[in-house]
Amino acid sequence: METSNILKELREKNKLSQDELAEKVFVTRQAVSRWENGNTVPNTETLKLLSKLYQVSINTLLGSPRKLFCQCCGMPLDDDSISRETDGTFNEEYCKWCYTDGKFVYSSIDELTDFLVEHFTADQPKEESRKTIKAQLSTLKHWHSF
């Protein structure tokens, strides 16, 4: 779905007029109209305000142009699984199970690997699963700093 349609749909779903939305995100009604007509898109700061107001990620506001994956465990992300910062804003890098209240849940790749092996492995030997999972996790951004 196009960003313009998403913005209009969210505004209407939240029963806001263009004037009311403009006031909430500190822009003019004309700016809101231009977004909804597809002439422009909100700037980064306004996207952050809209994300918080509507409780959806910036990726969702933009029509989900990127496929998001947790950079700690590799899980696909959507608005229900994306983590949040302590101020309530979305952190589109991590899932809410790996990053909660501004802190990482797993202190090491081995700790996460152990959890995943115990809870998500199929009919293969645990050591084989451990090697496969750890190899995949090591490709993710979070584990590059360790």
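The following refers to the structure shown. Computed from a prediction, not measured in an experiment: that's the story for all the values here.

The next subject is the nonpolar core. Cys-70, Cys-72, Leu-77, Cys-98, Leu-112, Leu-137 and Trp-143 are the most contacted members of the largest nonpolar core, which has 19 residues in total. Of all the secondary structure elements, the ones that give two or more residues to this core are strand 2 (90–95), helix 6 (109–120) and helix 7 (126–137). Broken down by element, this core gets its largest block of residues, four residues, from helix 6. Dropping the residues within four chain positions of it, Trp-143 is found in contact with Gln-71, Cys-72, Tyr-106, Ser-108, Ile-109, Leu-112, Leu-137 and Ser-138. Ranked by size, the runner-up nonpolar core spans 15 residues in total, among them Leu-10, Leu-16, Ala-31 and Val-32.

For the rest of this paragraph, the subject is the packing of helix 6 against helix 7. Helix-helix packing is characterised by the crossing angle of the two axes and by the distance between the axes. Here helix 6 crosses helix 7 at 130°, and the two axes come no closer than 9 Å. With respect to their mutual orientation, helix 6 and helix 7 come out oblique. Judged by the twist between their axes, the crossing of helix 6 over helix 7 is right-handed. In this structure, helix 6 uses Ile-109, Asp-110, Leu-112, Thr-113, Asp-114, Leu-116, Val-117 and Glu-118 to contact helix 7, whose residues at the interface are Lys-126, Ser-129, Arg-130, Ile-133, Lys-134 and Leu-137. Considered class by class, the residues forming the contact of helix 6 with helix 7 number six nonpolar, two polar and six charged.

Quick notes on the rules
- Residues numbered from 1 in each chain as written.
- Predicted model: local features only at pLDDT ≥ 70, side-chain atom pairs only at ≥ 80, totals over all residues.
- Heavy atoms only, no water.
- Core = buried A, V, L, I, M, F, W, Y, C linked by side-chain atoms within 4.5 Å.
- Buried < 20%, exposed > 50% of the residue type's maximum accessible area, 1.4 Å probe, protein only.
- Helix = DSSP H or I, 4+ residues; strand = E, 2+ residues; numbered from the N terminus.
- Contact = heavy atoms within 4.5 Å.
- Axes fitted to C-alpha atoms, helices over the stretch in contact; angles between N-to-C directions.
- Parallel < 35°, antiparallel > 145°, perpendicular 65-115°, else oblique.
- Left-handed = near helix turned anticlockwise from the far one by under 90°.
- Nonpolar A, V, L, I, M, F, W, Y, C, P; charged D, E, K, R; others polar.

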